[in-house]
Amino acid sequence: MMQDPMVRFQNVTKRHGSHIVVDGLNLDVARNEKVAIIGASGSGKTSLLRMLMALDPVDSGEIFIEGEPLTHMERQGKRLPPDMAHIRRMRGKVGMVFQSFNLFPHLTAMGNCIEAPMRVLGLTRAAAIERATELLEMVGLASRKDYYPSQLSGGQQQRVAIARALAMRPKVMLFDEVTSALDPETVGEVLTVIRRLGEEHDLTMMVVTHQMGFAREFADRVCFLHQGRICEEAPARDFFHNPQNERTRAFLRAVLEAG
Amino acid sequence: MGVTPLAIMLGLTAAALWWLAGHEDYRPFMPGLVEGAAVTMRITVAGAILAVAAALTAGLARLYAPAPLRWLAVTYVELFRGTSALVQLFWLFFVLPQFGVTIDAFTVAVLALGLNVGAYGAEVVRGAVLAVPLHQWEAGLALNLSRRQIVARIILPQAVVAMIPPWGNLFIELLKGTSLVSLITLADLTFRAQQMNQTTMQTGPIFTLVLLGYLFMSLTITIGMRLMERRAIRGLGRRA
Ligand SMILES: Nc1ncnc2c1ncn2[C@@H]1O[C@H](COP(=O)(O)OP(=O)(O)OP(=O)(O)O)[C@@H](O)[C@H]1O
Ligand SMILES: [Mg+2]
C-alpha cells in the first residue's frame, strides 16, 4: 500500500464573500518533499498556506495531514466539524514563517524561541533553552540570542522566526514569501538557511516565493497557481525549461522582465 | 517630557510644604491635614488596585468572553460611566442599607471610586489590546499557543505599554475624586480642610496647604507612571 502523502488538499475551495480565492484545488505533497508555489499576486498562494496552518477554515473540500483530516474529525464513524483540541493537535504538525516575520517584540530572540515549546510542549525552561540555542546556532544567531527584535535587522529577524517555528518540531514547514520584506543584501542569508534546512533535516517544505532562481534549485516540484487553481505543476527542472501552459510562460516572462 | 522636570516640581512642592509647616500661621493645621491626607491616600491606593482589577476583567471579558459575560461587562462599564461617582457613593451608602445591605464608609468609597475609574479603564484596556496588530495573534496560533496563552503571554504584555499613560490620567482622576467621600462621613483631606475652615476662617493658609498636598500626591503618581512607562518601553528593547 502506498504511504499517505504528508499533505493532501482535496477539492479545497475558499471564498471571501463572493470572490473565489482557492477553487477546487487538489494537491498532494509527499513526505520530505520540497514544493515551491509560485503565481501572480492574488492567485491564492497565501490563502493555501493559511488553511493548512488552520488560520483560516476551508469553505469546502478537505485537507489531510499524514492521512488525518484537518478540516473535520471522525467520532464513532461520524463526521464532525473539528473542535479546538483537534485543530491544535493537527496544528502541531505544521509550522509557518510569515512575510512580515511577526516576532514577539516584547521577547528576546531566545524568548521568542522558548515560549511555545515551554507552554505548548511542556518543555522545561532548560530543555527549551537547549533546543533554542541549537536552532539559533543553526541560523547563525547564537550571539544575538538576547537581542530584542527591534535590535535585529530584517534578515536576522526572519532567521529568528525560522528558528522559532522549528523549535516546535513541525513535520511540515510553510514559508510565505519570507524574503519579500527584506533588503536585497539580506535575502541571501535567509535563503541559505532555508536551503540548509532542506538538506539537513527531514522536513516537508512548502515555499511560496517570487525568487525563480531559488525555486529552481531548491524545489523538487514547482506548482504554478492561477486564480486559485494549480495551472501547471512539474519537477523544478522541467517546469522552468519547458513550461507547457501558455499562462505559465506568460508569468515566467513577466517575472524575468521584472528582474 | 523626561522625569527630571517633574522630580524638580515634586521637590519644590515638598520644600514649600516643609517651609510652610514651620510657619506659625500654618503649623496648627498640619496634624489634621496630614491625617486627612492619609485617608485620601488609602482610598486612592485601594481604589486604584480595584480599578485595575475591574478594568482588566471587564476589558478582556468584552473582547474574549462568551456572550452573557460580555453583556455583563458592557453593563458594568455603561452603568459606572453613565452615572456620576457622587450618585454611586450616595446610592451605595444611603440607599443600599434600605435593602438590608450596610457597608462601611471606607469600603463604599473604595468600591464606588474604584469601580467608577475601572469602567473608564476597561475601555483603555480594550483599546490597547485592539491596537496590538492581528498578525501577533496569528504568529501565536501558528506556534500552537492557546487563545488564553496568546492573550496572557503575547497580547497583554504588548498592550500594557500603551495603557500606562492613560492609566496615569485615571489615577489622578481617582485622587481628585476622593474629595467626594467627605459627603459620606469620611474625614479625607478636603473634609478636614473644610472643617477647620469653618471653625477658624483661616481659608488662606488651610487651602494653600491642601493645594500643595494634592499637587504632591498627583506629581508622585505622574512620576511613578512615567518610570513604569520607561521600564515597559525598555522591555521592548527600544530606547525610552
Ligand atoms: N481576509 C480577506 N478578505 C477578503 N479578501 C481576501 C482576504 N484575504 C485574501 N483575500 C483575497 O483573496 C485573493 C487571494 O489572496 P492571497 O493572499 O491568497 O494571494 P497571494 O497569491 O498570496 O498574493 P500575493 O502574492 O500578493 O501575496 C486576493 O484577491 C485577496 O484580495
Ligand atoms: Mg501572499
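The shown structure was predicted, so the numbers you read here are calculated from the model rather than taken from an experiment.

Participant: So what exactly am I meant to see when it comes to the overall build of chain A here?
Facilitator: Each helix and strand in chain A was counted, giving 9 helices and 12 strands. The C-alpha atoms of chain A give 19 Å as radius of gyration, which agrees with the globular expectation for 259 residues (18 Å, within 12%). A principal-axis box enclosing the C-alpha atoms of chain A has dimensions of 55 × 50 × 40 Å. When burial is assessed residue by residue, chain A has 54% of its 259 residues classed as buried.

Participant: Would you mind showing me how to read the pairing of strand S3 (residues 34-39) of chain A here?
Facilitator: Both faces of the sheet carry side chains from a regular strand, because those side chains alternate between them. All names here are of chain A. The element S3 is extensively covered by neighbouring structure, given that 6 of its 6 residues are classed as buried. What you see with S3 is no split at all: Lys34, Ala36 and Ile38 on one side and Val35, Ile37 and Gly39 on the other are buried throughout. Sheet topology note: the S3/strand S11 (residues 221-226) ladder contains 5 bridges and is parallel. Each bridged residue has a counterpart across the sheet, and for Gly39 the counterpart in S11 is Leu225.

Participant: Just checking my understanding: could you explain the sheet that holds strand S2 (residues 19-29) of chain A for this structure?
Facilitator: What holds strands together in a sheet is hydrogen bonding between their backbones, with the strands either parallel or antiparallel. All names here are of chain A. An order of S2-S1-S4-S5 is seen for the 4 strands of this open sheet, with the pairing classed as antiparallel. Both outer strands of the open sheet, S2 and strand S5 (68-69), are each paired with one neighbouring strand and no more. Two strands pair when backbone bridges link them, and strand S1 (residues 7-16) and strand S4 (residues 60-65) are joined in this way by 5 bridges, in the antiparallel orientation. Bridging across to S4, Thr13 finds its partner in Ser60.

Participant: What should I look at first to understand the site of ligand 1 in this one?
Facilitator: Residues and elements named next belong to chain A. Neighbouring ligand 1 are 13 residues, the closest being Ser41, Gly42, Lys45, Thr46 and Ser47. At 3.0 Å, a backbone N or O of Gly44 approaches an oxygen atom of ligand 1. Contributing elements (two or more residues each) for the shell around ligand 1: S2 and helix H1 (45-52).

Participant: Would you mind showing me how to read the sheet that holds strand S8 (residues 94-97) of chain A here?
Facilitator: Residue and element names in this part refer to chain A. Pairing in this open sheet of 6 strands is mixed, and the strands run S8-S9-S10-S3-S11-S12 from one edge to the other. Each having just a single partner strand, S8 and strand S12 (229-235) make up the two edges of the open sheet. Each adjacent strand pair in this sheet contributes to an overall mean axis angle of 20°, direction not counted.

Participant: Got a minute to help me understand the side chain of Thr44 of chain B in this structure?
Facilitator: Assignment of secondary structure puts Thr44 of chain B in helix H2 (residues 30-64). Note on Thr44 of chain B: relative accessible area 8%, which makes it buried.

Participant: I tried to follow the environment of Met212 of chain A on my own but got confused; where do I start?
Facilitator: Assignment of secondary structure puts Met212 of chain A in helix H7 (residues 212-218). Met212 of chain A has contacts with Ile38, Phe240, Phe251, Leu252 and Val255 of chain A, leaving out every residue within four places of it along the chain.

Participant: Explain the packing of helix H4 (residues 125-138) of chain A against helix H5 (residues 154-166) of chain A here, please?
Facilitator: The description of two helices packed together rests on the angle between their axes and the distance between the axes. Residues and elements named next belong to chain A. The geometry of H4 relative to H5 is characterised by a closest axis approach of 9 Å and an angle of 140° between their N-to-C directions. Here H5 runs oblique to H4, going by the angle between their axes. In this structure, H4 meets H5 at a crossing whose hand is right-handed. Of the residues in H5, those touching H4 at Leu135, Leu136 and Met138 are Val160, Ala163 and Leu166.

Participant: Is there a simple way to think about the UniProt feature "domain: ABC transmembrane type-1" (unreviewed entry) in chain B in this case?
Facilitator: On the UniProt side, "domain: ABC transmembrane type-1" (unreviewed entry) is annotated at positions that read residues 37-227 of chain B here. The distance from the first to the last C-alpha atom of residues 37-227 of chain B is 24 Å, and the span holds 83% helix and 0% strand.

Participant: Would you mind showing me how to read a nonpolar patch on the surface here?
Facilitator: All names here are of chain B. A contiguous nonpolar patch, built from Leu86, Phe90, Phe94 and Leu183 and spanning about 330 Å² of accessible area, is present on the exposed surface. Here Phe94 lies in helix H4 (residues 85-95). A residue is classified by how much of its surface remains accessible, and Phe94, at 40% relative accessible area, is partly exposed.

Basis of the calculations
- Residues numbered from 1 in each chain as written.
- Chains lettered and ligands numbered in written order.
- Predicted model: local features only at pLDDT ≥ 70, side-chain atom pairs only at ≥ 80, totals over all residues.
- Heavy atoms only, no water.
- Helix = DSSP H or I, 4+ residues; strand = E, 2+ residues; numbered from the N terminus.
- Rg over C-alpha atoms; globule rule 2.2 N^0.38 Å.
- Buried < 20%, exposed > 50% of the residue type's maximum accessible area, 1.4 Å probe, protein only.
- Pairing = 2+ DSSP bridges.
- Near = heavy atom within 4 Å.
- Polar contact = N/O pair within 3.5 Å; in protein donor to acceptor, adjacent residues only side chain to side chain.
- Axes fitted to C-alpha atoms, helices over the stretch in contact; angles between N-to-C directions.
- Contact = heavy atoms within 4.5 Å.
- Parallel < 35°, antiparallel > 145°, perpendicular 65-115°, else oblique.
- Left-handed = near helix turned anticlockwise from the far one by under 90°.
- UniProt positions renumbered as here; feature names shortened; annotations may be inferred.
- Patch = residues over 30% accessible without salt bridge, like charges linked within 9 Å, V, L, I, M, F, W, Y side chains within 5 Å.
- Areas by Shrake-Rupley, 256 points an atom, 1.4 Å probe, with all protein chains shown as cover.
- Salt bridge = Lys/Arg side-chain N within 4 Å of Asp/Glu carboxyl O.

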